[in-house]
Amino acid sequence: MNIHHAPGKLGVVALALLTGTLASAQGAGWYAGGNVGRSAVSIDNAGITTGLGGQGLATSSIEDRDRSTGYRLFGGYQLFPNLALEAGYFNLGHFGYTAHTTPPGSLDGNIRIKGWDADLVGSLPITDRLSALARVGVTSIRSNDHFSAIPAASVPYANANPSERSTNWKAGLGLAYAINDSWSVRGEVERYRLKDAVGNTGHADLFSVGLVWRFGARPSHERTVATVPMPAAEPAPQPAMVVQAPPPPAPPPAPAPMRITLSADSLFDFDRSTIKPQGRAALDKLADDLKGMSYDTISVTGHTDRFGPHDYNMKLSTRRAEAVA
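Quick caveat, the model's predicted, so the values are computed rather than measured.

Student: Mind showing me how you'd approach the overall build of the protein chain here?
Tutor: Looking only at helices and strands, the protein chain has five helices and 12 strands in total. Counting every position in the protein chain, which comprises 325 residues, the buried fraction comes to 39%. Of the roughly 17,400 Å² that the protein chain leaves accessible, carbon and sulfur atoms contribute 60%.

Student: Would you mind showing me how to read the side chain of Gln 78 here?
Tutor: By the secondary structure assignment, Gln 78 is in strand 3 (residues 67-80). Judged by relative accessible area, Gln 78 falls into the buried class, the value being 9%. A distance of 2.9 Å separates the side chain of Gln 78 from the backbone oxygen of Phe 80, its partner in a polar contact. Polar contacts involving the side chain of Gln 78 include one to the main-chain carbonyl oxygen of Pro 81, which spans 3.2 Å.

Student: What should I look at first to understand helix 4 (residues 277-290) in this one?
Tutor: Along an α-helix, residues three or four positions apart point the same way, because every turn accommodates 3.6 residues. With 14 residues, helix 4 ought to run about 20 Å at 1.5 Å a step, and its terminal C-alpha atoms sit 20 Å apart, in line with that. Looking at helix 4, one finds that the buried residues are Gly 279, Leu 283, Leu 286 and Leu 290. An end-on view of helix 4 places all buried positions within 55° of arc, on one side of the element. Residues of helix 4 that are exposed and angled more than 90 degrees away from the buried face: Pro 277 and Lys 285. Positive backbone phi, at 85°, marks Gly 292, one or two positions downstream of helix 4.

Student: Explain the confidence of the model for the protein chain here, please?
Tutor: Parts of the prediction with low pLDDT should not have their coordinates interpreted in detail. For the protein chain, the average pLDDT comes to 82, and 78% of its residues sit at 70 or higher. In the model, residues 11-27 has pLDDT below 50 throughout and makes 46 contacts with residues more than four positions away in sequence or in other chains.

Student: What am I meant to see in the layout of surface pockets here?
Tutor: If you roll a probe as big as a water molecule over the atoms, it shows you where there is empty space left. Quantified by volume, the second largest pocket comes out at close to 250 Å³. Every residue lining the second largest pocket is counted, 13 residues in all, and those nearest its centre are Leu 283, Leu 286, Val 300, Val 324 and Ala 325. Taken together, the elements giving at least two residues each to the lining of the second largest pocket come down to helix 4 and helix 5 (310-324). For the lining of the second largest pocket, the class distribution of residues is 11 nonpolar, no polar and two charged.

Student: In this structure, what is going on with the pairing of strand 8 (residues 183-195)? I would like to understand it.
Tutor: Each regular strand carries side chains that alternate between the two faces of the sheet. Here strand 7 (residues 163-178) runs beside strand 8; their pairing, made up of nine bridges, is antiparallel. In the strand pairing of strand 8, Lys 170 is matched with Tyr 192. Where strand 7 hands over to strand 8, the hairpin turn is made up of four residues, counted between the paired strands. The sheet contact formed by strand 8 and strand 9 (residues 201-214) spans 13 bridges and is antiparallel.

Student: In this structure, what is going on with the pattern of salt bridges? I would like to understand it.
Tutor: Two side chains that carry opposite charge are able to pair once their charged atoms sit near each other. In total, this model carries 15 salt bridges according to the counting rule given. The closest approach of N and O atoms between Asp 117 and Arg 72, which form a salt bridge, is 2.8 Å. Placement of Asp 117 in strand 5 (residues 105-125) and of Arg 72 in strand 3 is noted, with a sequence separation of 45 residues between them. The class of Asp 117 is buried, set by a relative accessible area of 5%. Look at the salt bridges and you will find they share partners, linking Arg 72, Glu 86, Asp 117, Asp 119, Arg 135, Lys 170, Arg 186, Glu 188 and Glu 190 into a network.

Student: Help me out: how do you make sense of the nonpolar core in this one?
Tutor: One finds Val 41, Ile 48, Leu 52, Leu 92, Tyr 97 and Ile 113 to be the most contacted residues of the largest nonpolar core, which totals 20 residues. Setting aside its immediate chain neighbours within four residues, Ile 113 contacts Val 41, Asn 91, Leu 92, Gly 93, Phe 95, Ile 141, Arg 142 and Leu 194. The next biggest cluster of nonpolar side chains, apart from the first, holds nine residues, and it includes Leu 262, Ile 275, Leu 283 and Val 324.

Student: It is not clear to me how the pairing of strand 6 (residues 130-150) should be interpreted in this structure. Could you clarify?
Tutor: Alignment of strand 5 against strand 6, held across 20 bridges, turns out to be antiparallel. From the neighbouring strand, Trp 116 faces strand 6, where its bridge partner is Ser 140. As paired strands, strand 6 and strand 7 are joined by 15 bridges and run antiparallel to one another. Bridge pairing links Ala 132 to Leu 175 in strand 7.

Student: Help me out: how do you make sense of the packing of aromatic side chains in this one?
Tutor: Where two aromatic rings form a pair, the distance of their centres and the angle of their planes describe that pair. Scanning the model with the defined rule gives seven aromatic pairs in all. An angle of 65° between the planes, with centres 5.2 Å apart, marks the rings of Tyr 89 and Trp 116 as edge-to-face. Here Trp 116 lies in strand 5 and Tyr 89 lies in strand 4 (residues 83-102), a separation of 27 residues in the sequence. Residue classification places Trp 116 among the exposed residues on the basis of a relative accessible area of 53%. An aromatic cluster of three or more residues is present, and its members are Tyr 71, Tyr 89 and Trp 116.

Cut-offs used in this document
- Residues numbered from 1 in each chain as written.
- Predicted model: local features only at pLDDT ≥ 70, side-chain atom pairs only at ≥ 80, totals over all residues.
- Heavy atoms only, no water.
- Helix = DSSP H or I, 4+ residues; strand = E, 2+ residues; numbered from the N terminus.
- Buried < 20%, exposed > 50% of the residue type's maximum accessible area, 1.4 Å probe, protein only.
- Areas by Shrake-Rupley, 256 points an atom, 1.4 Å probe, with all protein chains shown as cover.
- Polar contact = N/O pair within 3.5 Å; in protein donor to acceptor, adjacent residues only side chain to side chain.
- Expected span 1.5 Å × (residues − 1).
- Arc of directions from axis to C-beta.
- pLDDT = per-residue confidence, 0-100.
- Contact = heavy atoms within 4.5 Å.
- 1 Å grid on protein atoms, 1.4 Å probe; cavity = no way out; pocket = protein on both sides within 12 Å on 5 of 7 lines; lining within 4 Å.
- Points joined across faces, edges and corners; volume = space filled by probe spheres on them.
- Nonpolar A, V, L, I, M, F, W, Y, C, P; charged D, E, K, R; others polar.
- Pairing = 2+ DSSP bridges.
- Salt bridge = Lys/Arg side-chain N within 4 Å of Asp/Glu carboxyl O.
- Core = buried A, V, L, I, M, F, W, Y, C linked by side-chain atoms within 4.5 Å.
- Phe/Tyr/Trp six-rings, centres within 6.5 Å; stacked < 30°, edge-to-face > 60°.

This is the structure:
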């Protein structure tokens, strides 16, 4: 089957976005997912016409079947906050053409495209939940062709059912939206460079949407907690004894600390330790509530979400706690 070749600018854009995310670092973890959508190839009608002309036939019309349904199943590991490694299986679907000739005849060509891929996937946060995606990778593609003809046309190949395994590249761009800590949805466009079983090269595109599930995701609510010990209760007066004074009362038990939780979403922007205006208002209210209370210490603890290396998150949570204090 003839597949038209076109330059792959998508790979250049994807590589630029991917390399631009390497300076940032976030969390690690396993995930799995799947995409499904519309696939498309460019069929080389000029090459088909030339091939039939070599048989002394004129091409009267060509019916292209250049759209299909494709899908991809994958697993991945988040190496850094903005860089992941993915591997998976894809099936881009079934494509073909029917060329009608003069003298009357026809040539049918069909191809099925499937295989395995391994990608580096970069992400660039746009908001707390929305991110841009870019991917580059390698593929191992199996192309299965089938040709049939009705005289006066004839199959121009010795094997009417050839197949080819080839290694090539792929690239893609997309958007991801985090529904919650475990689930996210993606929309992507991917370009697969490929070679068919009769020596033609070209590309196939997959426009898809999909779901991603992260294993063992923890709640990502960031919090700053202030712990304030409760004031000690006054001991009850001891009744007077006639014979002798009672032994001194045992010291009262230490009061349980009072825990106050403030949402980091209202205190800080994502990956920041500067208090927002609405966060400062919440802290002012807390300070007013503490007026008139007796306490020895106030302990402020900062927390971050599951994203990011441990050392980085420890420094961020410390800066946040210091800002609240």
